[in-house]
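Letter by letter, the chains look like this.
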Amino acid sequence: MSERVFNFSAGPAMLPEEVLQAAAGALLDYQGKGFGIAECSHRGKEFDQVIDEAIERCRRLLSIPDTHDVLFLQGGASQLFNTVPMNILNGTADYVVGGEWSKKAAAAAQAAHGEQIRVIASSEETGFDRPPTGWSADPNASYLHVCSNETVHGHRLVEWPEHPTLVVDASSEMMSRPHPVDRTAVIYAGAQKNLGPAGVVLTIVRRDLYERIQKSVPKIFSFKVMSETKSSMNTPPTFGIYFLLETFRWLERQGGLAAVEQRNAEKAKLIYDAIDDSGGFYAGTVADKPARSHMNVTFRLQNDELTDRFIKEAAKNGMVALKGYRSVGGIRASIYNAMPVEGCRRLAEFMGTFMRENG
């Protein structure tokens, strides 16, 4: 087996090696039963135990109150762009657009619901180089939608906003730190960034919202039906849910989300210091430094030729997937929970060496 590299991909992303090893073993033989976890019936006791434990550990890690349900949905976060308003829109809704993904969320909702969807703030005029500021949402809006961490543009909401019905796309920072679940209405996150393989959307829904769901909403898209069937109205992504369970176990072994947050801050600082101490050789793309993401570090070099050289030489040194998102270019280092401190230290040291050799 070849040596594993430091994979800075934005998703599907690097996963904890302990979790990969546990899942690899379970794929072949689950608990000595002679069949693998991916071969378990979703109606059988084996998977029932998996989903029960996954829900319980998720609740414990995030301190989820009894007022909320844990759902494991399919279709990616992009499907939630459509199913959130389908389930809980009962008037107008406010959207804050701070980057690629919140813009897509608003556009998807507007395509289906027109003027009921209001974009109340956007930082697009400045190239999404910061979260929007100076806005206020209507407390009577049926919900306020935000993206807490913009994967493409490298900034985050340090504090989640207040709203009676707050909806958060937390895809690229879910469980990277404690989240204020008790004052949110819906949180959703595609698993492939910080939790597991692609195919599951961890979704946390406040139960009082179920009364808003119209009878015309297909059962497969109804949060209420998915809650009543323990995410198993149809065949759920069984292996993906099992993998999340192993990730939740791993997060608990790390000391929980407060400990994980501290380590993630240490990792991000290593790379941001390399940017800030470069005298302009590396240029950060986020104008509001306190809002810089701890999950996706974005920066630019002086030209495309230098950028390409940086990416190629980094790969030769065991660091891959550093190319920025196709619409913005530059460099993006995604440093989710599974990225060890050593990976960020290696990248920061490489940045220093590359600058001395090419400056």
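## Overview of the layout of surface pockets
Part 1 of the argument: Put simply, the largest pocket is a space of about 310 Å³.
Part 2 of the argument: Taken together, 20 residues line the largest pocket, and the ones lying closest to its centre are Gly-11, Trp-101, Thr-151, Gln-192 and Lys-193.
Part 3 of the argument: In terms of residue count, helix 3 (residues 76-88) provides more of the lining of the largest pocket than any other element does, four residues in total.
Part 4 of the argument: Split by residue class, the lining of the largest pocket holds seven nonpolar, 10 polar and three charged.

## Some details on the packing of helix 8 (residues 304-316) against helix 9 (residues 341-358)
Part 1 of the argument: At their nearest, the axes of helix 8 and helix 9 sit 11 Å apart, and the two run at 130° to each other. In terms of orientation, helix 8 lies oblique with respect to helix 9. Where helix 8 crosses over helix 9, the handedness of that crossing is right-handed. Two secondary-structure elements touch here, helix 8 through Leu-306, Arg-309, Phe-310, Glu-313 and Ala-314 and helix 9 through Leu-347, Phe-350, Met-351, Phe-354, Glu-357 and Asn-358.

## Focus: the side chain of Asp-94
Part 1 of the argument: Mapped onto the fold, Asp-94 is located in strand 3 (residues 93-97).
Part 2 of the argument: Judged by its relative accessible area of 1%, Asp-94 falls in the buried class.
Part 3 of the argument: A distance of 2.8 Å separates the side chain of Asp-94 from the side chain of Arg-118, its partner in a polar contact.
Part 4 of the argument: For Asp-94, the side chain forms a polar contact with the main-chain nitrogen of Asp-138, separated by 3.0 Å.
Part 5 of the argument: Those residues in contact with Asp-94, other than ones at most four positions away along the chain, are Arg-118, Ile-120, Ala-137, Asp-138, Ala-141, Tyr-143, Leu-144 and His-145.

## Remarks on the environment of Val-297
Part 1 of the argument: On the secondary structure map, Val-297 appears in strand 12 (residues 296-300).
Part 2 of the argument: Linking Val-297 and Leu-62, residues 235 residues apart in sequence, is a C-alpha distance of 25 Å.
Part 3 of the argument: Those residues in contact with Val-297 that sit more than four places away from it in its chain are Ile-271, Tyr-272, Ile-275, Ile-331, Arg-332, Ala-333 and Ile-335.

## Regarding the sheet that holds strand 11 (residues 283-284)
Part 1 of the argument: The three strands lie next to each other as 11-12-14, forming an open sheet whose pairing is antiparallel. At either end of the open sheet lies a strand with only one pairing partner, and these are strand 11 and strand 14 (331-334).

## Section: helix 8
Part 1 of the argument: Helix length check: helix 8, at 13 residues, gives a terminal C-alpha distance of 19 Å against a target of 18 Å (1.5 Å per residue), a fit within 8%.
Part 2 of the argument: Among the residues of helix 8, Leu-306, Thr-307, Phe-310 and Ala-314 are the ones counted as buried. The arc that holds the buried residues of helix 8, viewed along the axis, is 100°, so those residues lie on one side. For helix 8, the exposed residues set more than 90 degrees away from the buried face come down to Asp-304, Glu-305, Lys-312 and Lys-316.
Part 3 of the argument: Structurally, helix 8 contributes buried residues whose contacts are with strand 12, strand 13 (319-320), strand 14 and helix 9.
Part 4 of the argument: Two to three positions downstream of the cap, the backbone nitrogen of Glu-305 sits 3.2 Å from a side-chain oxygen, assigning the N-cap of helix 8 to Asn-303.

## Notes on unusual backbone geometry
Part 1 of the argument: Of note, the amide linkage connecting Gly-11 to Pro-12 takes the cis form, showing an omega dihedral of -5°.
Part 2 of the argument: Tracing the backbone shows Pro-12 in the loop between strand 1 (6-7) and helix 1 (17-28).
Part 3 of the argument: Phi at Ala-321 is positive, roughly 65°, even though this residue is not glycine.

## Section: the pattern of salt bridges
Part 1 of the argument: A complete count under the given rule lists 24 salt bridges for this structure.
Part 2 of the argument: For the salt bridge of Glu-18 with Arg-253, the shortest nitrogen-to-oxygen distance reads 2.9 Å. In this pair, Glu-18 sits in helix 1 while Arg-253 sits in helix 6 (residues 238-253), placing the two residues 235 residues apart along the sequence.
Part 3 of the argument: Judged by relative accessible area, Glu-18 falls into the partly exposed class, the value being 42%.
Part 4 of the argument: The partner of Glu-56 in a salt bridge is Arg-60, and the shortest N-O contact between them spans 3.6 Å. Highlighted residues: Glu-56 and Arg-60, both in helix 2 (residues 45-62), separated by four residues, approximately one helical turn.
Part 5 of the argument: Where salt bridges share partners, they join Glu-53, Glu-56, Arg-57, Arg-60, Glu-246, Arg-249 and Glu-252 into one cluster.

## Focus: empty space enclosed by the protein
Gaps between atoms show up when a probe of the same size as a water molecule is rolled over them.
Part 1 of the argument: On inspection of all chains with the given rule, the structure shows two cavities of 30 Å³ or more.
Part 2 of the argument: By volume, the largest cavity is sized at about 80 Å³.
Part 3 of the argument: Lining the largest cavity are 13 residues, and of these Gly-98, Pro-131, Pro-132, Cys-147 and Leu-157 lie nearest its centre.
Part 4 of the argument: For the lining of the largest cavity, the elements supplying multiple residues, two or more each, are strand 3, strand 5 (144-147) and strand 7 (155-156).
Part 5 of the argument: Residue composition of the lining of the largest cavity, grouped by class: seven nonpolar, four polar and two charged.
Part 6 of the argument: When its volume is computed, the second largest cavity comes out at roughly 60 Å³.
Part 7 of the argument: Surrounding the second largest cavity, Asn-149, Arg-156, Glu-173, Ser-176, Arg-177, Glu-261, Asn-264, His-294 and Met-295 form its lining.
Part 8 of the argument: Among the residues making up the lining of the second largest cavity, the classes are represented as one nonpolar, four polar and four charged.

## Topic: the packing of helix 1 against helix 6
Part 1 of the argument: At a minimum axis separation of 9 Å, helix 1 and helix 6 run at an interaxial angle of 140°. In terms of orientation, helix 1 lies oblique with respect to helix 6. Relative to helix 6, helix 1 is oriented so that their crossing is right-handed. Contacts between helix 1 and helix 6 pair Glu-18, Val-19, Leu-20, Ala-22, Ala-23, Ala-26 and Leu-27 from the former with Phe-239, Tyr-242, Phe-243, Glu-246, Thr-247, Trp-250 and Arg-253 from the latter.
Part 2 of the argument: Of the residues contributing to the contact of helix 1 with helix 6, the split by class is 10 nonpolar, one polar and three charged.

Parameters at a glance
- Here, residues in each chain are numbered from 1, in the same order as that chain's written sequence.
- Per-residue local features are limited, in this predicted model, to residues with pLDDT of at least 70; the limit for side-chain atom pairs, both in listing and counting, is 80 or more; totals at the level of whole chains, interfaces and linings are taken over all residues.
- To get the side-chain values, take all heavy atoms of the structure and skip hydrogens and water.
- Detection works on a 1 Å grid of protein atoms alone, calling trapped sets that fit a 1.4 Å probe cavities and calling open sets with protein on both sides within 12 Å along at least five of seven lines pockets, with lining residues defined by an atom within 4 Å of a point.
- Grid points are joined across faces, edges and corners, and a volume is the space filled by probe spheres set on the points.
- Numbering of helices and strands runs from the N terminus, with a helix taken as a DSSP run of H or I at least four residues long and a strand as a DSSP run of E at least two residues long.
- Three residue categories are used. Nonpolar comprises Ala, Val, Leu, Ile, Met, Phe, Trp, Tyr, Cys and Pro, charged comprises Asp, Glu, Lys and Arg, and polar comprises the others, including Gly.
- Each axis is a line fitted through C-alpha atoms, and for a helix only the stretch in contact is used; angles between axes span 0 to 180 degrees, taken between their N-to-C directions.
- Orientation categories follow fixed angle ranges, with anything under 35 degrees roughly parallel, anything over 145 roughly antiparallel, 65 to 115 roughly perpendicular, and all other angles oblique.
- By definition, any crossing whose near helix is turned counterclockwise from its far helix by less than a right angle is left-handed, and any crossing with a clockwise turn is right-handed.
- Whether two residues touch is decided by their heavy atoms; if any such pair falls within 4.5 Å, the residues are in contact.
- Burial classes follow relative accessibility: with a 1.4 Å probe on protein chains only, a residue under 20% of its type's maximum area counts as buried, one over 50% as exposed, and anything between as partly exposed.
- We define a polar contact as two N or O atoms separated by no more than 3.5 Å, with the added condition that, inside protein, one atom must be a possible hydrogen donor and the other a possible acceptor, whereas residues neighbouring each other in sequence contribute only through side-chain atom pairs.
- Any two strands with at least two DSSP-identified bridges between them are counted as paired.
- The length a helix should cover is 1.5 Å for every residue beyond the first.
- As used here, the arc is the angular range of directions from the helix axis to the C-beta atoms.
- One side-chain nitrogen of Lys or Arg within 4 Å of one carboxyl oxygen of Asp or Glu is enough to make a salt bridge.

Read these as geometric descriptors, not functional statements.
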